[in-house]
Amino acid sequence: MKILYPNLYIKKVEDITIEILMKNKIKLLILDVDNTLIDYYKNLTEEVVNWAKQMKGQGIKLYILSNTNDKRKVKEVAEVFGVKYKHFAMKPLTRGFKYIEKEMNIKPENIAVVGDQIFTDILGGNRAKMFTILVDPIDDKKDYWYTAWKRPIENKIKKNFKAKEEKNKNVY
């Protein structure tokens, strides 16, 4: 079960701060696209764009890794951010994560994987020995069919993770 738990669970990508990244020695963020950076309708908010600029301004490298085979969609987001991207990643396979690790020449312990799905982003990042950050989906009402069926299972895992975290906070 531990392989399905993120290292950190927060509400949205913009809640990732430079302090969190410095504390965990993170130099590179591998970012998912669908329901992490953009919603179902491909909307990218100004807040997310500003957050990405701020991260880059603080020296954090960004790289987009998406399972979608819609290259244009991923490319458009990457161009707004001014970052590299890889689509059709087949997460949770580690191939895409390892490719980025080699290309960027950064050790896995200095890379964080950010995404809204446990069975792709978190499982893949954990298998690649990277720091994993789970965010809530931008739009929890509208999902692709191949993601929607997994959400109830993921919600149960999130609930267990939160309970475990709460229990650990109360231990002295």
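Residues numbered from 1 in each chain as written. Predicted model: local features only at pLDDT ≥ 70, side-chain atom pairs only at ≥ 80, totals over all residues. Heavy atoms only, no water.

Chemist: Before we go on, may I ask you to explain a nonpolar patch on the surface in this structure?
Modeler: On the surface, a nonpolar cluster with roughly 270 Å² of combined accessible area is contributed by F88, M90 and L93. Inspection of the secondary structure puts F88 in the loop between β4 (84-86) and α4 (95-104). (Patch = residues over 30% accessible without salt bridge, like charges linked within 9 Å, V, L, I, M, F, W, Y side chains within 5 Å. Areas by Shrake-Rupley, 256 points an atom, 1.4 Å probe, with all protein chains shown as cover. Salt bridge = Lys/Arg side-chain N within 4 Å of Asp/Glu carboxyl O. Helix = DSSP H or I, 4+ residues; strand = E, 2+ residues; numbered from the N terminus.)

Chemist: Please explain the nonpolar core as it appears in this structure.
Modeler: When a protein is soluble and globular, its nonpolar side chains tend to lie buried together. Grouped together as the largest cluster of nonpolar side chains are 29 residues, with contacts concentrated most on L29, L31, I64 and F81. Of all the secondary structure elements, the ones that give two or more residues to this core are α1 (18-23), β2 (28-31), α2 (46-57), β3 (61-65), α3 (71-81), β5 (111-115) and β6 (131-135). Among the elements that line this core, the one with the most residues is α2, at five residues. Dropping the residues within four chain positions of it, L29 is found in contact with L21, W51, M55, I60, K61, L62, Y63, A112 and V114. Judged by nonpolar contacts, the second largest core, of 13 residues, contains L28, Y63, L65 and V113. (Core = buried A, V, L, I, M, F, W, Y, C linked by side-chain atoms within 4.5 Å. Buried < 20%, exposed > 50% of the residue type's maximum accessible area, 1.4 Å probe, protein only. Contact = heavy atoms within 4.5 Å.)

Chemist: I would appreciate a short explanation of the sheet that holds β5 in the present structure.
Modeler: Remark on secondary structure: sheet strands pair via backbone hydrogen bonds, oriented parallel or antiparallel. Taken in spatial order, the six strands of this open sheet run β1-β6-β5-β2-β3-β4, and their pairing is parallel. A single partner strand is all that each edge strand has here, and the edge strands are β1 (8-10) and β4. Between one strand axis and the next, the sheet turns by 25 degrees as a mean value, whatever way the strands run. Relative to β5, β2 runs parallel, the two sharing four bridges. Pairing of L28 across the sheet is with I111, part of β5. (Pairing = 2+ DSSP bridges. Axes fitted to C-alpha atoms, helices over the stretch in contact; angles between N-to-C directions.)

Chemist: It is not clear to me how α4 should be interpreted in this structure. Could you clarify?
Modeler: Two residues of an α-helix separated by three or four positions point the same way, owing to the 3.6 residues in each turn. When we look at burial in α4, the residues that qualify are G96, F97, I100, E101 and M104. Looking down the long axis of α4, one finds its buried residues gathered within 140 degrees of arc, a one-sided arrangement. Within α4, the exposed residues directed more than 90 degrees away from the buried face are R95 and K102. Buried residues in α4 make contact with β2, β3, β4, β5 and α5 (118-127). (Arc of directions from axis to C-beta.)

Chemist: How do you make sense of the environment of V48 when you look at a structure like this?
Modeler: Take V48: it is sitting in helix α2. Take V48: its relative accessible area is 3%, and that puts it in the buried class. On a C-alpha basis, the gap between V48 and K12 in space is 9.3 Å, while along the polypeptide they are 36 residues apart. Setting aside its immediate chain neighbours within four residues, V48 contacts V13, E14, L37 and F81.

Chemist: Help me out: how do you make sense of α5 in this one?
Modeler: Within α5, eight of the 10 residues are buried, which leaves it mostly tucked inside the rest of the structure. For α5, the set of buried residues is I118, T120, D121, I122, L123, G124, G125 and N126. Just downstream of α5, K129 is the residue with a positive phi angle, here 65 degrees.

Chemist: I would appreciate a short explanation of the pairing of β5 in the present structure.
Modeler: Where a strand is regular, its side chains alternate between the two sheet faces. Along β5, five of the five residues are buried, which leaves the element largely enclosed by surrounding structure. Two strands pair when backbone bridges link them, and β5 and β6 are joined in this way by four bridges, in the parallel orientation. What sits directly across from V114, in β6, is I133. Taking the sense of rotation as the criterion, the β-α-β connection linking β5, α5 and β6 turns out right-handed. (Right-handed = clockwise from strand over helix to strand, strands pointing away.)

Chemist: Before we go on, may I ask you to explain the environment of I26 in this structure?
Modeler: Here I26 lies in the loop between α1 and β2. For I26, a relative accessible area of 4% translates into the label buried. Residues I26 and K107 lie 81 residues apart in sequence; the distance between their C-alpha atoms is 9.7 Å. Those residues in contact with I26 that lie beyond four places of it in its chain are L21, I60, E109, N110, I111, A112 and F131.

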